[in-house]
Structures are given as C-alpha cells and as structure tokens.
Amino acid sequence: MAHIHLEDGSFSLSWVLIWWIVALLLIGVALWSLRSKGTKNQKQITIAAFVAAAAFAVFQINIPLFGGVHLNLTPLIGILVGPVLGTLVILVINILSAAIGHGGWGLVGANVLINVSEVIVAYLIFRGTRSIIPDLFSRAGIATFAGLFCGNLVMVGIILVSGIQGVTQTTGQVLTGLTLIIGVNMGVAVIEALLTGLIVRYIGKVRPDLLGERKP
Amino acid sequence: MTAWQEHRGILLFCVIAIIVLAGALVAFKITGPLGIEERFNAATGINGGEGEDAGAEIAGFFIEGNALLYILVMAGLIVVCIFAYRQFRI
C-alpha cells in the first residue's frame, strides 16, 4: 500500500502542479483510449464500480498492524479491470479519499501516479506470467507483490524529486527513512497478496471469463 | 505438467512472502510502533503537525478521515454499484 501520507504544504506548489498535470495527462490518455476503442465488454463497467467501492472501503480502514497500516487493493483493480478503467477507478478513489479527509488535495496527483503504477505493473505481471505460473492464487499474489513494490518505489521517487518544504533532513536521511517505510509497507503487502490471491482464485473458479481465463 | 511446474508458482509466492515479511519485521523494529502519519513525518523530518482526522473506531479499526463522510460516500458508491449492475450486469 503506497500512498503519500503527508499534509498539504509538504510539497512546493510547483511540484503539486507538476504531479497533478502528469496525473491529468495519464487520465486524459485513459479517457481517450476508452472513447476511441470503447469497452469491448460493458460488464467491465460494473466490475469497475464494484472494485472502486471495495477499494475505497478498505482504503480508509486503519489496520492495527505494524503500528497502523491500510490496504488499497490496487493490484486487484489492475487484474480485474485493466490499466485503462483502472486509472479512472484510482482517480475516483483518491478524490473521494481526499474529500473525507484522508490525504491532502494537493497530493492527489502524486498519489494517483503511485497507485496507477501499482495497477499497471500488477496487470502486466498477471497477464504476462500466465504460461509460466498457471495457478491463479500465486500468480495474482506475485503480481500484487510486484505492483505494490513498484508503487513504493514511485512514491519514494516522487518524494525525493519534489523535496519536503521546511525540513533540514538531507536527501540521504530522507531516503533512509523512506526505505524503512517501504519495508513496513511491503509487510502489509503480504496480507494484500493473500487477499488478492484468494479473491482472484475464487473468481477464477466461478467466473473465469472475468479474468480472461479459459474454463478448466 | 510436472510437479515442479505445478507448484513453482506457490513456491515462488512463499519465498517472496518470507523475504518480504523478514524485511518488514526488521524495518518495524527500527522505526518502532508509529502510526502511518508519524512514520512519514519521522522519515521526512517533519515535526508533528495537525495530522489527519482520527476518525471513529469500529470494532478496533480506525476509519481514516471523517467517519460520517465515509459512510455517506460508501452509501453513494453502493447506489452506483446497484445502478451499474442493473444496467450492465456482470
């Protein structure tokens, strides 16, 4: 679960605008892709609504593990609806989260980029390793690990590039602190990988068509 | 399909999970039992701050942000899900 848990004002205005613009460009590409190609399967819209609701629900719940963490289900979003609809789902979740006071508005752009990277990597790993790892549980779990690890790297990259206003820490000290956050976050990724693996395996049993899998 | 081909996925998953858990325990031991915001503030060198709305506690779990707004947004999302299901099915 990668998400920048800093208050508004931590990044300078220019960096807030830069991350918002990059995120809006990404969303523009997703919207253009949807408009030009359309959704081949309208059922995907229903699934997108369901995963948005589920991800929003768990995203706000602070689990008392490792001092307090939360899941975000972004790899599951990638696996079930793909990167195009997934990007729009991520935007909706981040905006709604900021609206209820979880995360600053200024960081929505950066957090969208982090979560979209998780969606894309999980989707690519899940689809790309089908012939190597036929088992749905482990494939979804490994895709979740990869997606969340990538999201953490993007998070650290964004914070280091942007810099934090009003602090005296050196880049090395911030990097050390953020590396520890990656470590703790990846511990939570184990729970998220188990959960995603179980959900995907269940869907694979009852509705393999939703995963693009053939019935055994 | 050989036994190795059949089980390599789950073996790989377990190896990754063990490595990741070991790393997480080491990181947690170094940082100590900090909340999410405190951990970020400590990592980036930010001193305190107002933090986010602590929210309400439900069955030992805290809701991040405003709990009333959380319930309202969830209700809205459930309505959207029902509408999408009636319109497009699954």
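Here is what the cut-offs are and how they apply
Residues numbered from 1 in each chain as written. Chains lettered and ligands numbered in written order. Predicted model: local features only at pLDDT ≥ 70, side-chain atom pairs only at ≥ 80, totals over all residues. Helix = DSSP H or I, 4+ residues; strand = E, 2+ residues; numbered from the N terminus. Rg over C-alpha atoms; globule rule 2.2 N^0.38 Å. Pairing = 2+ DSSP bridges. Axes fitted to C-alpha atoms, helices over the stretch in contact; angles between N-to-C directions. Parallel < 35°, antiparallel > 145°, perpendicular 65-115°, else oblique. Left-handed = near helix turned anticlockwise from the far one by under 90°. Contact = placed C-beta atoms within 7 Å. Nonpolar A, V, L, I, M, F, W, Y, C, P; charged D, E, K, R; others polar. Domains from an automatic or database assignment. Buried ≥ 20, exposed ≤ 12 C-beta atoms within 10 Å, placed from the backbone. Core = buried A, V, L, I, M, F, W, Y, C linked by C-beta atoms within 7 Å.

Along the backbone of chain A there are six helices and one strand. When the elements of chain A are put in sequence order from the N terminus, they spell out α-α-β-α-α-α-α. Taken over C-alpha atoms, the radius of gyration comes to 17 Å for chain A, in line with the 17 Å a tight globule of 216 residues would show. Projected onto the principal axes, the alpha-carbon positions of chain A cover approximately 60 × 40 × 30 Å.

Moving on, we get to the sheet that holds strand S1 (residues 57–58) of chain B. An order of S1(A)-S2(B)-S1(B) is seen for the three strands of this open sheet, with the pairing classed as antiparallel. Edge positions in the sheet fall to strand S1 (61–62) of chain A together with S1 of chain B, since each has one partner strand and no second.

With that settled, consider the packing of helix H1 (residues 13–37) of chain A against helix H4 (residues 108–128) of chain A. Residues and elements named next belong to chain A. Between H1 and H4, whose axes approach to 7 Å, the crossing angle comes to 45 degrees. As far as their axial angle goes, H4 and H1 are oblique. Of the two possible hands of crossing, H1 and H4 adopt the one that is left-handed. Judged by residue contacts, Val16, Trp19, Trp20, Val22, Ala23 and Leu26 of H1 engage Gly109, Ala110, Val112, Leu113 and Val116 from H4. Counted by class, the contact of H1 with H4 contains ten nonpolar, one polar and no charged residues.

The next point concerns the interface of chain A and chain B. Each partner contributes to the interface: chain A provides 56 residues, whereas chain B provides 51 residues. Mapped onto the side of chain A that touches chain B, the elements with two or more residues apiece are helix H2 (43–59), S1, helix H3 (74–99), helix H5 (136–162) and helix H6 (171–206) of chain A. Broken down by element, the side of chain A that touches chain B gets its largest block of residues, 13 residues, from H6(A). Pairing geometry for S1(A) and strand S2 (residues 61–63) of chain B, over two bridges, is antiparallel.

For the rest of this paragraph, the subject is the domain arrangement of chain B. Partitioning chain B into domains gives domain 1 (1–51) and domain 2 (54–90). Between the C-alpha centres of domain 1 of chain B and domain 2 of chain B the distance comes to 27 Å.

Each pair of packed helices can be described by the angle between their axes along with the distance between the axes. All names here are of chain A. The N-to-C vectors of H1 and H3 enclose an angle of 135 degrees; their axes lie 9 Å apart at closest approach. For the element pair H1 / H3, the angle class is oblique. Relative to H3, H1 is oriented so that their crossing is left-handed. Counting all contacts with H1, which are made through Leu26, Ile27, Ala30, Ser33 and Leu34, the residues of H3 involved are Val84, Thr87, Leu88 and Leu91. When its residues are assigned to classes, the contact of H1 with H3 shows seven nonpolar, two polar and no charged.

The subject of this paragraph is unusual backbone geometry. In the Ramachandran plot, A:Leu73 falls in the positive-phi region, its phi being about 60 degrees despite a non-glycine side chain. With phi around 60 degrees, B:Arg89 is a residue other than glycine that occupies positive phi space.

A few words now on the environment of A:Leu73. Residue and element names in this part refer to chain A. Structurally, the position occupied by Leu73 is in the loop between S1 and H3. Its 27 C-beta neighbours within 10 Å are what place Leu73 among the buried residues. Between the C-alpha atoms of Leu73 and Val58, which are 15 residues apart in sequence, the distance is 7.9 Å. Setting aside chain neighbours within four positions, we find Leu73 in contact with Val51, Ala54, Ala55 and Val58.

One finds A:Val51, A:Ala52, A:Phe56, A:Ile77, A:Ile79, A:Val89 and A:Ala122 to be the most contacted residues of the largest nonpolar core, which totals 91 residues. Lining this core are residues from two domains, each supplying at least three of them: domain 1 (1–51) and domain 2 (54–90) of chain B. Apart from the residues lying within four places of it in its own chain, the contact partners of A:Ala52 are A:Val89, A:Val92, A:Ile93 and B:Leu77.

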